[in-house]
Amino acid sequence: MQRKIEERLFDWKNKSEGRMPLLLYGARQVGKTYILNQFGEQHYKNAIYVNLETNQAVAQYFSGDITPERLIRFLETTANDVILPGETLIIFDEIQSCERALTSLKYFAENAPEYHVAAAGSLLGVAINREQYSFPVGKVESLTLYPLDFEEFLWSLGEERLAEDIRTCCASMEPMPAALHQKAIEHYRCYLIVGGMPACVLAFSKNGKAVLIPPLQNEIANNYVADMAKYAESSETVKIRACYESIPAQLAKKNKKFQYKVVQKGGGASLFGASIDWLVQAGVVLKCRRIDHAANPIAVYEDLSSFKLYSGDVGLLAMRSGIPQQTILSGESNLFMGSVAENYIAQALAANGHPLFYWTSEHTAEIDFVMQKETDIIGIEVKKGIKTRSKSISVFMERYQAAYSIRFSEKNFGTDGSIRAIPHYAAFCV
C-alpha cells in the first residue's frame with residue numbers, strides 16, 4: 001500500500017547535511033515496521049532489521065558500551081551482512097523496549113552521522129516518560145505515522161483518479177459531477193466501517209467485504225488492551241482501560257467534552273489524568289483541546305481542564321460502538337453518526353499535522369474544530385448528513401471576524417457566503 005509518509009522518508013534519506021537518526025512514532029499496527037522495511041528494500045542496497053522486543057540477545061548487548069563502532073560491528077555479525085554508510089538502512093523496531101538503544105541514537109547523530117538509522121516504536125511516548133536513561137533530545141528527527149487517511153484508502157482500492165478529482169474540486173470549490181460525488185460518498189461510508197488500520201484496509205481491498213473487518217479490528221483493540229497491561233503499572237492498567245472503553249459513551253453525549261464521571265462516579269483528573277496521558281502518548285486516542293478565545297496564536301488560549309477524546313481510528317470507533325454497518329452504508333438518520341463523522345474529521349486533521357482544538361462560547365455555541373492557517377483562524381463545523389443549518393458558525397465568524405469557515409457534510413462542494421462547503425470525503429485536502 002502506498003503511504004504519504006514515503007516522501008518524507010525520502011527527504012530524510014537524501015539530506016546532504018544535518019541528517020539525524022529517525023524516530024517513527026505511531027500507534028500499534030499502523031504500519032511502521034512495514035513502511036520502514038519497504039523503504040529499506042526500495043531505496044538502499046540492503047537493510048538490517050532488529051526487533052528489540054523479540055530479539056533479547058541484541059537488546060541485552062545495548063546494556064554495555066553503545067558507541068556506534070561497537071554496535072555496527074555486532075549488528076554486522078548478527079545479521080551476517082555488511083553495513084555501509086549511506087547504503088544500508090539500520091532499523092531498530094520496538095525501540096521503546098530497550099531504553100539504551102534509544103539513548104544510542106544520540107551517539108549515532110554525534111559520532112557517526114554517515115550511518116542511516118531509523119527506529120520505530122508503538123509506545124514511544126509512553127517509554128520516553130518512564131525512561132531511566134537520557135532521551136536524545138535534539139539528536140533525532142521525529143515523524144508520526146497515522147492510520148491510512150481516506151486518500152490513501154482510495155489509492156488502495158485503485159481509485160487514484162477519483163482522489164485526483166477530489167483534490168481538483170476542493171482547490172476550485174467547483175462541485176463534483178453528481179455520479180462521482182455519489183461514488184465518493186459511498187467509498188467514504190465504507191471507510192467509516194473499515195477505518196485506516198493497514199490490516200483492515202488490505203483485507204477490504206482484496207475482498208471488498210466489510211462484514212469481515214470487525215474481527216480484525218477486535219484483534220487490534222485487544223492488542224491495545226494487552227499493551228496497557230504490559231507497559232503500564234498494574235494499578236494504572238485498570239484505569240487506562242476504563243478511560244479507553246468509555247470513549248464511545250463520551251462521544252455519544254450531546255456535550256462531547258470528556259467527563260470523568262462517565263468513566264467512574266466521583267472520578268476526576270487526579271484519578272484518571274495519567275491514564276488519559278498514557279492513551280494519548282501511545283497514539284490510541286486523539287486529544288482535542290478547548291480554547292476559550294479564537295485568536296492568533298490559538299494554542300495560548302487552551303483551557304487545560306476541558307478536552308474531547310477521539311479514537312485514533314474511526315473504524316475502531318464504529319466497531320466498538322456497535323453501530324450496524326447497514327446504518328453507516330445507507331446513510332440513514334442516526335444520532336451517533338454525528339460522532340463518527342466528527343471522529344473521522346479529527347483523524348484527517350491530525351494526519352495532516354493540525355493540532356486539534358475546539359471552541360465553545362459561554363452560552364450554547366460550539367465549533368467542532370478550530371484551525372490556524374498562518375494568521376487566519378478557521379472554524380470547522382461537522383454535519384453528519386446533508387442538513388447543515390447551524391447558528392454556531394455564524395456566531396463564531398461574527399465574533400472573531402474569521403476570513404472564512406469550513407462546513408463538512410455530505411453535500412457537494414460549494415460556498416455559502418464566507419462558508420466553504422466541503423464533502424466529508426475531501427477532508428484530506430484541508
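Here's what I pulled together on the structure shown here. (Residues numbered from 1 in each chain as written. Predicted model: local features only at pLDDT ≥ 70, side-chain atom pairs only at ≥ 80, totals over all residues. Heavy atoms only, no water.)

1. Details of the overall build of the protein
The secondary structure content of the protein amounts to 19 helices and 14 strands. Here the C-alpha atoms of the protein give a radius of gyration of 23 Å, agreeing with the 22 Å that 2.2 N^0.38 yields for 430 residues. Seen through its C-alpha atoms, the protein measures out along the principal axes to roughly 65 × 55 × 45 Å. When each of the 430 residues of the protein is scored for burial, the buried share is 55%. A separation of at least 24 residues holds for 70% of the contacts in the protein among residues at least 6 apart in sequence. Total accessible area on the protein is roughly 19,000 Å²; 49% of this is exposed by carbon and sulfur atoms. (Helix = DSSP H or I, 4+ residues; strand = E, 2+ residues; numbered from the N terminus. Rg over C-alpha atoms; globule rule 2.2 N^0.38 Å. Buried < 20%, exposed > 50% of the residue type's maximum accessible area, 1.4 Å probe, protein only. Contact = heavy atoms within 4.5 Å. Areas by Shrake-Rupley, 256 points an atom, 1.4 Å probe, with all protein chains shown as cover.)

2. What to know about the sheet that holds strand E8 (residues 357-360)
As summarised here, the arrangement of the four strands in space is E7-E6-E8-E9, forming an open sheet in which the pairing is mixed. Edge positions in the sheet fall to strand E7 (302-311) and strand E9 (366-367), since each has one partner strand and no second. Sheet topology places E8 next to E9; two bridges connect them, and they run antiparallel. Within E9, the residue paired with Thr360 across the bridge is Glu366. (Pairing = 2+ DSSP bridges.)

3. Points about the sheet that holds strand E14 (residues 419-423)
With mixed pairing, the five strands of this open sheet are ordered in space as E10-E11-E12-E14-E13. The open sheet has two edge strands, strand E10 (369-373) and strand E13 (414-416), and neither has a second partner. Strand after strand, the sheet turns through a mean of 30° between neighbouring axes, direction not considered. Note that E10 and strand E11 (residues 376-382) share five bridges and pair antiparallel. Bridging from a neighbouring strand, Lys373 pairs with Asp376 of E11. Strands E10, E11, strand E12 (405-409) and E14 of the sheet are contacted by helix H19 (residues 392-400), whose axis makes an angle of about 175° with E11. (Axes fitted to C-alpha atoms, helices over the stretch in contact; angles between N-to-C directions.)

4. So, the environment of Val137
For Val137, the location among the structural elements is in the loop between helix H6 (124-130) and strand E5 (141-144). Put simply, Val137 and Ser339 are 202 residues apart on the chain and 37 Å apart in space, counted from C-alpha to C-alpha.

5. A closer look at the nonpolar core
Counting residues in each nonpolar core, the largest one holds 106 residues, and the members touching the most others are Phe150, Ile166, Phe369, Phe413 and Tyr425. With ten residues, helix H18 (residues 336-351) is the single largest residue contributor to this core. Core analysis: the second largest hydrophobic core is formed by 28 residues, Leu52, Phe92, Leu102 and Tyr115 among them. (Core = buried A, V, L, I, M, F, W, Y, C linked by side-chain atoms within 4.5 Å.)

6. Focus on the packing of helix H4 (residues 68-79) against helix H5 (residues 99-111)
Direction vectors running N to C along H4 and H5 enclose 110°, while the axes themselves pass 9 Å from each other. It follows that H4 is roughly perpendicular to H5 by the angle criterion. Two secondary-structure elements touch here, H4 through Pro68, Leu71 and Ile72 and H5 through Ser104, Tyr107, Phe108 and Asn111. In the contact of H4 with H5, the residues fall into five nonpolar, two polar and no charged. (Parallel < 35°, antiparallel > 145°, perpendicular 65-115°, else oblique. Nonpolar A, V, L, I, M, F, W, Y, C, P; charged D, E, K, R; others polar.)

7. Comments concerning helix H12 (residues 234-245)
With twelve residues, H12 should reach 16 Å at 1.5 Å per residue; the first-to-last C-alpha distance of 17 Å fits that figure. Listed in full, the buried residues belonging to H12 are Glu236, Thr237, Ile240, Cys243 and Tyr244. Taken around the axis of H12, the buried residues stretch over an arc of 135°, which confines them to a single face. Away from its buried face, by an angle of more than 90 degrees, H12 presents the exposed residues Ser234, Ser235 and Val238. Against helix H11 (213-231), helix H13 (247-252), helix H14 (260-263), helix H15 (269-281) and helix H16 (314-321) lie the buried residues of H12. (Expected span 1.5 Å × (residues − 1). Arc of directions from axis to C-beta.)

8. Topic: the pattern of salt bridges
Using the criterion set out here, one finds 20 salt bridges in the structure. Between Lys4 and Glu151 there is a salt bridge, with its nearest N and O atoms 2.7 Å apart. Remark: Glu151 occurs in helix H7 (residues 150-156) and Lys4 occurs in the segment before helix H1 (5-13); sequence separation between them is 147 residues. Given the relative accessible area of 27%, Lys4 is considered partly exposed. Looking at Glu151, the relative accessible area reads 5%, which means it is buried. Here Lys308 makes a salt bridge to Glu366, at a shortest N to O gap of 3.7 Å. Taken together, the residues Lys308 in strand E7 and Glu366 in strand E9 connect sequence positions 58 residues apart. By relative accessible area, which is 0% here, Lys308 ends up buried. Classification of Glu366 by relative accessible area gives partly exposed; the value is 25%. (Salt bridge = Lys/Arg side-chain N within 4 Å of Asp/Glu carboxyl O.)

9. Points about the pairing of E8
Neither face of E8 is open: one carries Phe357 and Trp359, the other Tyr358 and Thr360, and all of them are buried. Pairing of strand E6 (residues 285-291) with E8 involves three bridges; the strand directions are parallel. Bridge pairing links Arg289 to Phe357 in E8. In this structure, the hairpin formed by E8 and E9 is closed by a connection of five residues.

10. Focus: H5
The end-to-end C-alpha separation of H5 is 19 Å, in line with the 18 Å expected for 13 residues at 1.5 Å each. Where H5 is concerned, the buried positions are Glu99, Ala101, Leu102, Thr103, Ser104, Leu105, Phe108 and Ala109.

11. Here we look at the pairing of strand E4 (residues 116-120)
The buried fraction of E4 is high, at five of five residues. Across the two faces of E4 the burial is the same, with His116, Ala118 and Ala120 and Val117 and Ala119 all buried. Relative to E4, strand E1 (residues 22-25) runs parallel, the two sharing three bridges. Across the sheet, Leu23 pairs through a bridge with Ala119, a residue of E4. Of the pairings in the sheet, the one linking strand E3 (residues 88-93) to E4 comprises four bridges and is parallel in character. Note that in E4 the partner of Phe92 across the bridge is Ala119.

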